[in-house]
There are 2 protein chains.
Amino acid sequence: MKTKIPEPTLRRLSYYLRYLERFKEKGLEIISSKELSKGLGLSDAQVRRDLFTLGDFGKRGVGYNVDNLISFLNTFLGLDETQSTVLVGYGNLGKALLHYKGFKKRKFLITHVFDNDERLIGKRIAGAEIMDSKHLGKVCKKEMIKYGIIAVPASSAQEIVDRMIECGIKAILNFAPIKVHVSDGIVVSSVDLTTELEWLSYHMHHTKASKKYKVKKDLIARSPSTSSG
Amino acid sequence: MKTKIPEPTLRRLSYYLRYLERFKEKGLEIISSKELSKGLGLSDAQVRRDLFTLGDFGKRGVGYNVDNLISFLNTFLGLDETQSTVLVGYGNLGKALLHYKGFKKRKFLITHVFDNDERLIGKRIAGAEIMDSKHLGKVCKKEMIKYGIIAVPASSAQEIVDRMIECGIKAILNFAPIKVHVSDGIVVSSVDLTTELEWLSYHMHHTKASKKYKVKKDLIARSPSTSSG
DNA sequence: TAGATTGTTAATCGATTAACAATC
DNA sequence: TAGATTGTTAATCGATTAACAATC
């Protein structure tokens, strides 16, 4: 393995892995950089570059062995063993996450759920017990849990992050639309629907196709210059 | 406005906007690149560079006017007017999304929901009517809807994308863990929990802190070399 | 004026792309 | 051998960072 792997490469590995699994289901054993790139909308040069950075997987003139690559990626990404995970916040989003099958499939097992709503506390749903948020620290320390998922409002997200770190959690998946601050050695991944929506919105308003719509609709209110570019 | 705005800059705009709104709530009218950068974990140079790329907002020796910046960003991102949106898939995730308040706040209004489950069809939830998926095209064309949200399994995501494009939808927010292919002029944003989880998993297994844990646990099964680096 | 902070250019850094020799 | 495809280096492209003159 080479010294430093670029972040964009690392993030593409998930896509490679999933595509390879689908490819394998078709019964195919060897894949070329070209096939892999086409399926994922990348260039073949990029695929080769990425795999070259990780190690030595291919055979010149032949391609890459699908099984080898899959098992390497699984190990490399740390997906071989089950990870206990806590979920904080059992609103609409938390509920959906607890039932989301993708977690289990990737060996993330939500073992405890925390919320403030007394009506929920003590219930057992989808194999996880719902507990009072005040017990977060105690449980995480005792069970040595290292993964936490945050599905609380933006206003309390930073507080939950701080408490998670305090009790030994090292990796956090944050759904609150806020940039949370963490200390060294803690990794946070944020899923921010708001940002994605605004990204879409921006494109709708700045592509030529959409301009046509906009101008048609707002012809009177807008200055003529908006229809250009 | 300058010719080309880098994608990373565009994606940061959402964060700027939200931070500025919080800043404004405190009653503050002027913000410096330094304050803005600290709140978002960026460098002040980057903030100045980003804002410089967008236009001419600051006053040397003073800072940036918060109100001006907020209203510019709102307009620039196209958030001034309500956008009708359809949601396809009313499983756990779809349900959570329909109730998620962040959409409404950013003027994305889910007007129609589509699903195959006959028991749901005809119901009216949170202001949206649940309809049979086969009517997707008819409704989108008639209402001229341009935004679609996909909350169906990976296996049917591409088909729904194709049908959305066919009926005039231009921007798609995809939650299925798959790379979907679209034609020119269509923008897709994918929220992929699986990738985020694997990103976290990778970091847990490749940071020094986690290595200690791993080695302790797997001491016997692993070769000594895994504990280095 | 003196201090602060932006606007803007140039330097740096890092990722992607292109090209082709190596080799199956 | 001839054709295919990787491994690997160098060229290109683009974003970030640094620096400081302009100016409030």
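Residues numbered from 1 in each chain as written. Chains lettered and ligands numbered in written order. Predicted model: local features only at pLDDT ≥ 70, side-chain atom pairs only at ≥ 80, totals over all residues. Heavy atoms only, no water.

## Structural notes on the protein's contact with DNA strand C
So, step 1. Taken together, the neighbourhood of DNA strand C is formed by 25 residues, with B:Ser33, B:Phe52, B:Gly58, B:Gly61 and B:Tyr64 sitting nearest.
So, step 2. Of all atoms in DNA strand C that approach within 4 Å of the protein, 64% are sugar or phosphate atoms.
So, step 3. Take B:Arg48: an N or O atom from its side chain is 3.2 Å from a base oxygen of DNA strand C.
So, step 4. For DNA strand C, a phosphate oxygen lies 3.0 Å from a polar atom in the backbone of B:Gly58.
So, step 5. At the level of elements, helix 1 (7–25) and helix 3 (44–54) of chain A together with helix 3 (44–54), strand 2 (58–59) and strand 3 (63–65) of chain B are the ones that each hand at least two residues to the surface near DNA strand C.
So, step 6. At four residues, helix 3 of chain A tops the list of elements feeding residues into the surface near DNA strand C.
So, step 7. Across the surface near DNA strand C, the residue classes break down as seven nonpolar, eight polar and ten charged. (Near = heavy atom within 4 Å. Polar contact = N/O pair within 3.5 Å; in protein donor to acceptor, adjacent residues only side chain to side chain. Helix = DSSP H or I, 4+ residues; strand = E, 2+ residues; numbered from the N terminus. Nonpolar A, V, L, I, M, F, W, Y, C, P; charged D, E, K, R; others polar.)

## Things to note about the nonpolar core
So, step 1. Counting residues in each nonpolar core, the largest one holds 99 residues, and the members touching the most others are A:Phe103, B:Leu36, B:Leu54, B:Phe76 and B:Phe103.
So, step 2. A:Phe114, A:Val139, A:Ile145 and A:Ile178 belong to the second-largest nonpolar core, a separate cluster that totals 22 residues. (Core = buried A, V, L, I, M, F, W, Y, C linked by side-chain atoms within 4.5 Å. Buried < 20%, exposed > 50% of the residue type's maximum accessible area, 1.4 Å probe, protein only.)

## Quick notes on the protein's contact with DNA strand D
So, step 1. Lining the immediate surroundings of DNA strand D are 25 residues, of which A:Ser33, A:Phe52, A:Gly58, A:Gly61 and A:Tyr64 lie closest.
So, step 2. Within the contact set of DNA strand D, a sugar or linking oxygen lies 3.1 Å away from a side-chain nitrogen or oxygen of A:Arg60.
So, step 3. Those elements giving two or more residues to the surface near DNA strand D turn out to be helix 3, strand 2 (58–59) and strand 3 (63–65) of chain A together with helix 1 (7–25) and helix 3 of chain B.
So, step 4. Ranked by residues supplied to the surface near DNA strand D, first place goes to helix 3 of chain B with four residues.

## Remarks on the packing of helix 1 of chain A against helix 9 (residues 193–206) of chain B
So, step 1. Look at helix 1 of chain A against helix 9 of chain B: their axes get within 10 Å of each other, and the N-to-C directions meet at 120°. When the axes of helix 1 of chain A and helix 9 of chain B are compared, the pair comes out oblique. The crossing of helix 1 of chain A and helix 9 of chain B is right-handed. Along the contact surface, helix 1 of chain A presents A:Glu7, A:Leu10, A:Arg11, A:Ser14, A:Tyr15, A:Leu17 and A:Arg18, while helix 9 of chain B presents B:Thr194, B:Thr195, B:Glu196, B:Glu198, B:Trp199 and B:Tyr202.
So, step 2. Here the residues of the contact of helix 1 of chain A with helix 9 of chain B are counted per class, giving five nonpolar, three polar and five charged. (Axes fitted to C-alpha atoms, helices over the stretch in contact; angles between N-to-C directions. Parallel < 35°, antiparallel > 145°, perpendicular 65-115°, else oblique. Left-handed = near helix turned anticlockwise from the far one by under 90°. Contact = heavy atoms within 4.5 Å.)

## Describing the relation of the copies chain A and chain B
So, step 1. The operation relating chain A to chain B is a screw motion whose rotation component is 180°, with 0.0 Å of axial translation and a residual RMSD of 0.0 Å. What the superposition gives is, in effect, a two-fold axis relating one chain to the other. Of the C-alpha atoms belonging to chain A, the one lying closest to the rotation axis is found on A:Ala96, 3.0 Å away.
So, step 2. When the interface residues of chain A are mapped onto chain B, 100% of them again fall at the interface, so both copies present the same face. (Least-squares fit on C-alpha atoms with pLDDT ≥ 70 in both.)

## Regarding the interface of chain A and chain B
So, step 1. Facing 64 residues of chain A, the contacting portion of chain B comprises 64 residues.
So, step 2. Between the two partners, chain A and chain B, sit six salt bridges.
So, step 3. Close ionic contact of B:Arg11 with A:Glu196 constitutes a salt bridge, the shortest N to O distance being 3.1 Å.
So, step 4. On the surface where chain A and chain B come into contact, there are 30 residue pairs in polar contact (both at pLDDT 80 or more).
So, step 5. Contributing elements (two or more residues each) for the side of chain A that touches chain B: helix 1, helix 2 (33–40), helix 5 (92–99), strand 9 (171–174), strand 10 (187–190), helix 9 (193–206) and helix 10 (208–218) of chain A.
So, step 6. Among the elements that make up the side of chain A that touches chain B, the one with the highest residue count is helix 9 of chain A (14 residues).
So, step 7. In terms of residue class, the side of chain A that touches chain B is built from 32 nonpolar, 15 polar and 17 charged. (Salt bridge = Lys/Arg side-chain N within 4 Å of Asp/Glu carboxyl O.)

## Here's the deal with the pairing of strand 10 (residues 187–190) of chain B
Residues and elements named next belong to chain B.
So, step 1. Side chains Val187 and Ser189 project from strand 10 onto a buried face, and the interleaved Val188 and Ser190 project onto a face without burial.
So, step 2. Taken together, the four bridges between strand 9 (residues 171–174) and strand 10 define a ladder with parallel strand orientation. The partner of Ile172 across the bridge, within strand 10, is Val188. (Pairing = 2+ DSSP bridges.)

## Some words on the confidence of the model for chain A
So, step 1. Taken as a whole, chain A shows an average pLDDT of 88; of its residues, 89% reach a score of 70 or greater.
So, step 2. Across residues 209–229 of chain A, confidence stays below pLDDT 50; counting only partners more than four residues off in sequence or on other chains, it has 19 contacts. (pLDDT = per-residue confidence, 0-100.)

## Some thoughts on unusual backbone geometry
Residue and element names in this part refer to chain A.
So, step 1. Of note in the backbone geometry, Ala126 takes a positive phi value of approximately 50° without being a glycine.
So, step 2. Of note, Ala126 is situated in the loop between strand 6 (124–125) and strand 7 (128–132).
So, step 3. With a relative accessible area of 42%, Ala126 lands in the partly exposed category.
So, step 4. Despite not being glycine, Met144 shows a phi value in the positive range, around 50°.
So, step 5. Considering the arrangement of structural elements, one finds Met144 in the loop between helix 7 (136–143) and strand 8 (147–150).
So, step 6. Look at Met144 and you get partly exposed, because its relative accessible area is 48%.

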